[in-house]
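Survey of secondary and tertiary structure
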Amino acid sequence: MKPLSAKILLFLLGLVLFSSCSAVKRVPQDQLLLVENRILVDGKAVNENRIHNQLHQQPNVRLLGFPLQLHLYNLAKPNPDSSFQNWLQKKPGREDRLIRLLSAKQVNNLGKSYVGFNQWLKNTGEAPALATEESARRSSNRLKAWYWNQGWFNSEVDFEIVPKEGQKAHVEYQVRLHEPYIIDSVHTRIASRAADSIFHAHREASLIQPGQQYRTEDFNAERERITSLFRNNGLYYFEQSNITFEADTVETDARVNTSLVIQNRSTNVEGVNTRVPYKVRTISEVNIFPDYTYENRNRPVTDSTRIGQYHLYSFDKRKYRAQALTDAVFITPGTTYSDEDRTLTYNRLNQLRVFQYPDIQFIEDPRDTTGSHLIANIFLTPRKKYSLGFEFDISQSNIQDFGIGFGGSLLIRNIFRGAETLEISARGSVGSSADAADSEDRFFNISEVGADAKLTIPRFLFPIATERLIPKYMYPFTSLSIGTSNQNNIGLDRQNLTAIMNYRWSPSRTRSHLLDLVNLQYVRNLNVENYFNVYRNSFEELNFIATSPNVTADDRYFRTTPEGNRILDIPAGADAFLEDSRDGGFDLTPTQEQELNELRERKNRLTEDNLILASNFSYILNKKEDLYDEDFSRLRLKVETAGALLSGIASLTGFDKSANGNYELFGVNFSQYIKTEIDYIKHWDLGRGNVLAVRGFGGVAIPYGNANSIPFTRSFFAGGPNDNRAWQAYSLGPGSSGGKDEFNEANLKLTFSAEYRYQLFGDLNGAFFVDAGNIWNFMDVVEDKASTFNSLKDLEELAVGTGLGLRYDFSFFVLRFDVGFKTYNPAREMEDRWFSDFNLKRAVFNVGINYPF
């Protein structure tokens, strides 16, 4: 702890020295630096951000109480050009010596660089926030206006600038609210009979009711509600600007008598401005033009058809099945006009990915003399049928020292004339690895190739009708995908084959459902003999046991290294010793027998082929409004089951069984388990670019029936740039075992993270974070007490990492750099877990794209 204390002391000393630079360095002599705003409402302090944000002048932004941007601004010279010239002329002959050394042009460029650097400091920093009478008065007016909008019409606001030592001050605002105004009555004067009827039919949903305290935001929200109500009930021409509220507060004893006024629609009839009543408009006809372009706008239609109540017109031969288009249209002839139907149509047509942004136009039906019918014309411009994509990357990982990846994709739109999309992709990589099984002295000695195909259908592909259960406004999709990959000289040379049948639909804007009816994965390991070359930690542990003085293993298991050391031969000797020790012998101790059992179990699990036939369902509740929303929550629940169907078939038909009594299909023990996950994310927008984000994740996968463990591809791991950032991926856990294997995984996981994000300057942001979590083995074949979760006491093994990071926002993505420090390491003895590894030497540096949660 002494080195840690010294580092903390040095850090604090450096912070003190930097902060000793005067914060008021650029504050004029007759001015004061604003360091704090205080708001007292009826004598009580108020600290709500929404109220403090009303103030015109805010103190300089602080990071952990330190005004970093202010000090950066203060470092800049007020007149850098003259400052450079003064420095240049300060010593006789300095300019001449520099010119001889560099040249006159370079000296001039040096001056420009000096000016540019100081300008950068000014732009990056923040000018001093001054406590002035004018800014305080403007803040007082804003506070008064804010409280007026909350119903305190007679509030009073005073302020006082309170000087402090060192040319600083805080401003105190005293607010006296008095009695709030209450809505006493709500009357309506709606000229149009149709509008009046619609309003009163839904009056109970009004956001303005007698007895409420007056709030301007309620009236604004009511305007939006009424506008949406009218436009979704046929009033096509209605606009929010047509709504007026009148409020009477004269001698009403703090009561507000409100009147809702909606006049008739303003229009021009035969050159005369007049007002006409609003009418409920009905859709009389829907015309769809699936091949519209600007170039053919004046061409005659050559192909037309009618399906149900819809008309389809094409300028060339129609390339889309009619039902594929009408299924995406929610505007229906014979129904009342609705903004919601138009929005649903826009969204669905965009989701198809076969058209550019649709153009939906409504015109009055010239055949209707009553003026109450509309014709909807939907103009669709097709995207190119084929799209090509290419990618290339260079990488480095714990598997390869250097790697080159490349890939390509082909997207085919409307492949079967039903607005389907087929995406075919292929990828490959070559790399260099010192751990390759067969390098043959080549630089590129490992490789991987793969291919995928995915067909997306804009409806449910199911043998029975699902429209009643999942109507089309839920945007149903079916996806059929297959994929394969092959590794060469990478690990165990895995072959992977996947096939997925997926359904997805969205009952509302915030809720989404995903169902993998079929999720099939077959994993085959071609180079099992390379196991102990890949998992070197397992080999070192096995070799340590085999070469222990008490172990009586003969020379047939060993080889001699050039250095004269006696080690197990890979693969024959290591595999044989591990297998022969199964039945005892070798004078092993009970502890060694237990360790060998664990090594044997892990080797069997990681080298066996996997056949997984699973189904899973995910529920997602996402309240994020848009890309820039920083005050939201997101919940994801997932349940997966595997092997139940195969197990039932196996018991009925009598599948073959393996030596351990498990059913086999095509010579492979199929997996059987149930798995659940819950993932919750919450963001709070603290204002001025500050965000607090938290995340909690829990997952467990329990094997049963035909399996006693979870396949590696479906298990959990801990660590990495999106998990506990103080540990590298796969290096944390299980439990307190210390991450002794190369790829540590288990079937139970808990993770909790909190991150405070703040703006530094410009597009550069910073963050402080705390990550806590671990993985454990639970109700599976592993018996090691250090790795298993046996009781709530094992929560003491939650590893804690803390750190800080930098993030640069490129608008379309965020480049992230985080440094994580092991703050609580469960792999150590209990008394040494806190801060024993809290140092730069054991820190983990993470680079990632976008935020971790």
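Residues numbered from 1 in each chain as written. Predicted model: local features only at pLDDT ≥ 70, side-chain atom pairs only at ≥ 80, totals over all residues. Heavy atoms only, no water.

1. So, the overall build of the protein
In terms of helices and strands, the protein carries 16 helices and 34 strands. Each principal axis of the C-alpha distribution contributes one length, and for the protein these read about 110 × 90 × 65 Å. Here the protein holds 853 residues, and 45% of them are scored as buried. The long-range share in the protein, meaning contacts at least 24 apart out of those at least 6 apart in sequence, stands at 64%. As presented, the protein carries roughly 45100 Å² of accessible surface, and 54% of it is formed by carbon and sulfur atoms. Measuring between centres, the 96 positive side-chain charges of the protein sit 6 Å from its 104 negative side-chain charges. (Helix = DSSP H or I, 4+ residues; strand = E, 2+ residues; numbered from the N terminus. Buried < 20%, exposed > 50% of the residue type's maximum accessible area, 1.4 Å probe, protein only. Contact = heavy atoms within 4.5 Å. Areas by Shrake-Rupley, 256 points an atom, 1.4 Å probe, with all protein chains shown as cover. Lys, Arg positive; Asp, Glu negative; His and termini not counted. Charge placed at Lys NZ, Arg CZ, Asp CG, Glu CD.)

2. Here's the deal with the sheet that holds strand β7 (residues 255-262)
Across the sheet, three strands lie side by side as β5-β7-β6; this open sheet has mixed pairing. With partners counted over all chains shown, the strands left at the sheet margins are β5 (182-190) and β6 (243-248), one partner each. Mean inter-strand twist for the sheet, computed between neighbouring axes without regard to direction, equals 20°. Of the strand pairs in this sheet, β5 and β7 are connected by eight bridges, and their pairing is parallel. Looking at the pairing, S185 lines up with N257 of β7. Running over the sheet, helix α8 (residues 193-201) touches β5 and β7 and is turned about 145° from β5. (Pairing = 2+ DSSP bridges. Axes fitted to C-alpha atoms, helices over the stretch in contact; angles between N-to-C directions.)

3. Structural notes on the packing of helix α13 (residues 536-546) against helix α14 (residues 572-580)
Interhelical geometry of α13 versus α14 gives an angle of 65° and a closest axis separation of 11 Å. When the interaxial angle is binned, α13 and α14 end up roughly perpendicular. In this structure, the crossing between α13 and α14 has a hand that is left-handed. Residues F539, L542 and A546 of α13 touch α14, and the partners they reach there are A574, F577 and L578. Tallied by class, the residues present in the contact of α13 with α14 amount to six nonpolar, no polar and no charged. (Parallel < 35°, antiparallel > 145°, perpendicular 65-115°, else oblique. Left-handed = near helix turned anticlockwise from the far one by under 90°. Nonpolar A, V, L, I, M, F, W, Y, C, P; charged D, E, K, R; others polar.)

4. Here we look at helix α15 (residues 590-607)
Between its first and last C-alpha, α15 extends 26 Å over 18 residues, near the 26 Å set by a 1.5 Å rise per residue. All buried positions along α15 are accounted for by Q592, L596, E598, L599, R600, E601, R602, K603, R605, L606 and T607. Contacts from the buried residues of α15 go to β21 (511-525), α12 (531-534), α13 and α14. (Expected span 1.5 Å × (residues − 1).)

5. With respect to unusual backbone geometry
A cis amide bond links I570 to the next residue, P571, at an omega of 5°. Omega for the peptide link from G733 to P734 comes to -5°, which places this bond in the cis form. The topology assignment puts P734 in the loop between β29 (690-703) and β30 (748-761). For R417, which is not a glycine, the phi torsion comes out positive at approximately 70°.

6. Points about the pattern of salt bridges
Tallied over the entire structure, the rule returns 47 salt bridges. When the shortest N-O distance is used, the salt bridge between E48 and R50 registers 2.8 Å. (Salt bridge = Lys/Arg side-chain N within 4 Å of Asp/Glu carboxyl O.)

7. So, the packing of aromatic side chains
Following the criterion strictly, the structure yields 52 aromatic pairs and no others. Consider the rings of F460 and Y503, whose centres lie 5.0 Å apart with planes at 70°: the pair is edge-to-face. Here F460, found in the loop between β18 (446-457) and β19 (477-488), pairs with Y503, found in strand β20 (residues 494-505); they are 43 residues apart in sequence, far enough to count as distant. Y503 sits in the buried class, given a relative accessible area of 3%. Members of the aromatic cluster, joined through ring pairs, are Y531, F532, Y535, F539, F712, F717, Y730 and F743. The ring of Y237 has R265 sitting right over it, with the charged end atom 4.0 Å from the ring centre. Against the face of F477 rests R348, its NZ or CZ located 4.3 Å from the ring centre. (Phe/Tyr/Trp six-rings, centres within 6.5 Å; stacked < 30°, edge-to-face > 60°. Lys NZ or Arg CZ within 6 Å of the ring centre and 35° of its normal.)

8. Let's talk about the nonpolar core
In globular proteins that are soluble, nonpolar side chains generally tend to be buried together. With 25 residues, the main nonpolar core has V286, I288, I331, F362 and I378 as its most contacted residues. If you list the elements that add at least two residues to this core, you get β10 (282-289), β12 (310-314), α10 (322-326), α11 (339-351), β13 (359-364) and β14 (373-379). Discounting residues that sit within four places of it in the chain, I331 has contacts with I283, V286, Y310, D341, R342, T345, I360, F362 and A376. If you look at the next biggest cluster of nonpolar residues, it comprises 24 residues, including F539, F558, A574 and F586. (Core = buried A, V, L, I, M, F, W, Y, C linked by side-chain atoms within 4.5 Å.)

9. Quick notes on the packing of α14 against α15
Between α14 and α15, the least distance of the axes is 10 Å, while the angle of their chain directions is 120°. Taken as axis vectors, α14 and α15 run oblique relative to one another. Seen from above, α14 lies across α15 with left-handed handedness. Across the interface between the two elements, D575, F577 and L578 of α14 pack against L596, L599, R600 and K603 of α15. Grouping the amino acids of the contact of α14 with α15 by side-chain chemistry returns four nonpolar, no polar and three charged.

10. Let's talk about the side chain of N74
Structurally, N74 is set in helix α3 (residues 68-75). Take N74: its relative accessible area is 3%, and that puts it in the buried class. Those residues in contact with N74 that lie beyond four places of it in its chain are S22, A23, K25, R26 and P128.

11. Things to note about the sheet that holds β10
Strand order in the open sheet made by the five strands is β11-β12-β10-β14-β13, with mixed pairing throughout. Unpaired on one side and paired on the other, β11 (303-307) and β13 mark the two borders of the sheet. Taking the axes of each pair of neighbouring strands and ignoring which way they run, one obtains an average angle of 20° across the sheet. Judged from the three bridges that link them, β10 and β12 form a sheet pairing that is parallel. Bridge assignment links V286 to a residue of β12, and that residue is Y310. α11 contacts β13 and β14 of the sheet and is inclined by roughly 150° relative to β13.

12. Quick word on the environment of F84
With respect to the helices and strands, the residue F84 is situated in helix α4 (residues 80-90). Residues in contact with F84, not counting those within four places in the same chain, are V107, L110, G111 and Y114.

13. Structural notes on the environment of V639
Secondary-structure assignment places V639 in strand β25 (residues 633-642). With a relative accessible area of 45%, V639 lands in the partly exposed category. The spacing of V639 and Y619 is 20 residues in sequence and 9.1 Å in space, taken between C-alpha atoms. If near-sequence neighbours (up to four positions away) are discounted, V639 is found in contact with S615, N616, F617, K675 and T676.

14. Here we look at a positive patch on the surface
Taken together, K90, K91, R97 and R100 make up a surface patch of like positive charges. One can find K90 in helix α4. On the accessibility criterion, K90 (67% relative accessible area) is exposed. (Patch = residues over 30% accessible without salt bridge, like charges linked within 9 Å, V, L, I, M, F, W, Y side chains within 5 Å.)

15. Examining the environment of L514
With respect to the helices, strands and loops of the structure, L514 is situated in strand β21. By relative accessible area, L514 is classed as partly exposed at 30%. Expressed as a C-alpha distance, the spacing of L514 and A247, which sit 267 residues apart in the sequence, is 50 Å. Excluding anything up to four places from it in sequence, L514 contacts N502, Y503, R504, N616, F617, S618 and I620.

16. Brief notes about the side chain of R281
Relative to the helices and strands, R281 is located in the loop between β9 (272-276) and β10. A distance of 2.2 Å separates a polar side-chain atom of R281 from the backbone oxygen of G371. (Polar contact = N/O pair within 3.5 Å; in protein donor to acceptor, adjacent residues only side chain to side chain.)

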